[in-house]
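Single-letter residue listing:
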Amino acid sequence: QDLNLLELDRFQQRQVRIHHIGIVYQHPHLGLRMRHTSSGNVAERLIMANERSFAAMRAAARASLASSEFPLDRLDDLPFRLSGGMQQRVQLAKAIALKPELLLLDEPTSGLDVSVQALVLDTLTRLQRERHITIVVVSHDLGVIRTLADRVMVMRHGHVIETGLTDQVLEDPQEAYTQQLVHAKL
């Protein structure tokens, strides 16, 4: 569907955000209510989409949390009692609960240890493949970019300086800044 968000009124923009876009923030406290249960956080997203049946919300939250590799015996745990990696999985479950076409990720593995990063990236890769979700990821971690992105856009001071297929840009960067970035990180 071709639409210009700027031409929509506020209600229509909100409907697009709710039904078509999922967001995972770098800092989980920006995307989660820390004093609501993990399943309650996902249910909140469903309520925004006018779901009112408790049983349907519980089932959908359970399915979404399972898809994000969240341990189902922790459904009723509060996010502030969870590790950073588990908080990211709750955010991911909340973001994908309504099966969006677009998933926006802001530094999705920031602050996570390497094994948890791998689990989060594997989960995102699986979801991308299974659900045919378009993912836009912002990251300074070129390993994350290499894992998740088919195409890359390198920005500096808010300006695009290089763009192309991920392997092309990371293996043969053309711009001096991109070359510095690649050599500093790999």
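Our structure's up above, just so we're on the same page.
Residues numbered from 1 in each chain as written. Predicted model: local features only at pLDDT ≥ 70, side-chain atom pairs only at ≥ 80, totals over all residues. Heavy atoms only, no water.

### Describing the pairing of strand E4 (residues 151–156)
Along any regular strand the residues' side chains alternate between the sheet's two faces. By the bridge criterion, six bridges tie E4 to strand E5 (residues 159–165) in an arrangement that is antiparallel. If you follow Val154 over to E5, its bridge partner there is Glu162. Hairpin geometry of E4 and E5 is characterised by an intervening segment of two residues between the two adjacent antiparallel strands and by a positive phi of about 55° at His157. (Pairing = 2+ DSSP bridges. Helix = DSSP H or I, 4+ residues; strand = E, 2+ residues; numbered from the N terminus.)

### A short note on unusual backbone geometry
Excluding glycine, a negative phi dihedral is what most residues carry, and trans is how most peptide bonds are arranged. Notably, Glu69 is not glycine yet its phi reads approximately 65°, a positive angle. You can see Glu69 is positioned in the loop between helix H4 (54–67) and helix H5 (84–96).

### Here we look at the nonpolar core
Counting residues in each nonpolar core, the largest one holds 22 residues, and the members touching the most others are Leu92, Leu103, Leu105, Leu124, Val137 and Leu148. Every element with two or more residues in this core is listed here: H5, strand E2 (102–106), helix H6 (114–131), strand E3 (134–138), helix H7 (142–148) and E4. The leading source of residues in this core is H6, at five residues. Leave out the neighbours within four places in its chain, and Leu148 touches Leu105, Leu121, Leu124, Thr125, Gln128 and Val137. Of all hydrophobic cores here, the second largest spans 15 residues; its members include Ala43, Leu46, Val90 and Ala97. (Core = buried A, V, L, I, M, F, W, Y, C linked by side-chain atoms within 4.5 Å. Buried < 20%, exposed > 50% of the residue type's maximum accessible area, 1.4 Å probe, protein only. Contact = heavy atoms within 4.5 Å.)

### Digging into the pattern of salt bridges
Once the charged atoms of two side chains with opposite charge are near each other, the side chains can pair. In total, this model carries eight salt bridges according to the counting rule given. Here Arg126 makes a salt bridge to Glu69, at a shortest N to O gap of 3.1 Å. Here Glu69 lies in the loop between H4 and H5 and Arg126 lies in helix H6, a separation of 57 residues in the sequence. A residue is classified by how much of its surface remains accessible, and Arg126, at 17% relative accessible area, is buried. Taking the relative accessible area as the measure of exposure, Glu69 reaches 36% and is therefore partly exposed. Arg126 is the salt-bridge partner of Glu130, the closest N and O atoms lying 3.2 Å from each other. (Salt bridge = Lys/Arg side-chain N within 4 Å of Asp/Glu carboxyl O.)

### Points about the environment of Asp141
Relative to the helices and strands, Asp141 resides in the loop between E3 and H7. The partly exposed category is assigned to Asp141, whose relative accessible area is 30%. Once the C-alpha coordinates of Asp141 and Ser110 are considered, the two residues, 31 residues apart in sequence, prove to be 8.5 Å apart. For Asp141, the residues in contact, after removing those within four places along its chain, are Thr109 and Gln117.

### Section: the sheet that holds strand E1 (residues 21–24)
What the three strands build is an open sheet, ordered E1-E2-E3; its pairing is parallel. Taken across any chain shown, the strands that pair with only one partner, and hence form the sheet edges, are E1 and E3. Pairs of neighbouring strands in the sheet enclose a mean axial angle of 15°, with direction left out of account. Pairing of E2 with E3, which is carried by five bridges, proceeds in the parallel orientation. Residue Leu103 lies in a different strand from E3, and its bridge partner there is Ile135. Across the sheet, helix H1 (residues 10–20) touches E1 and E2, and the angle it forms with E1 is around 70°. Against the sheet, H5 contacts E1 and E2, and its axis sits at roughly 170° relative to E1. (Axes fitted to C-alpha atoms, helices over the stretch in contact; angles between N-to-C directions.)

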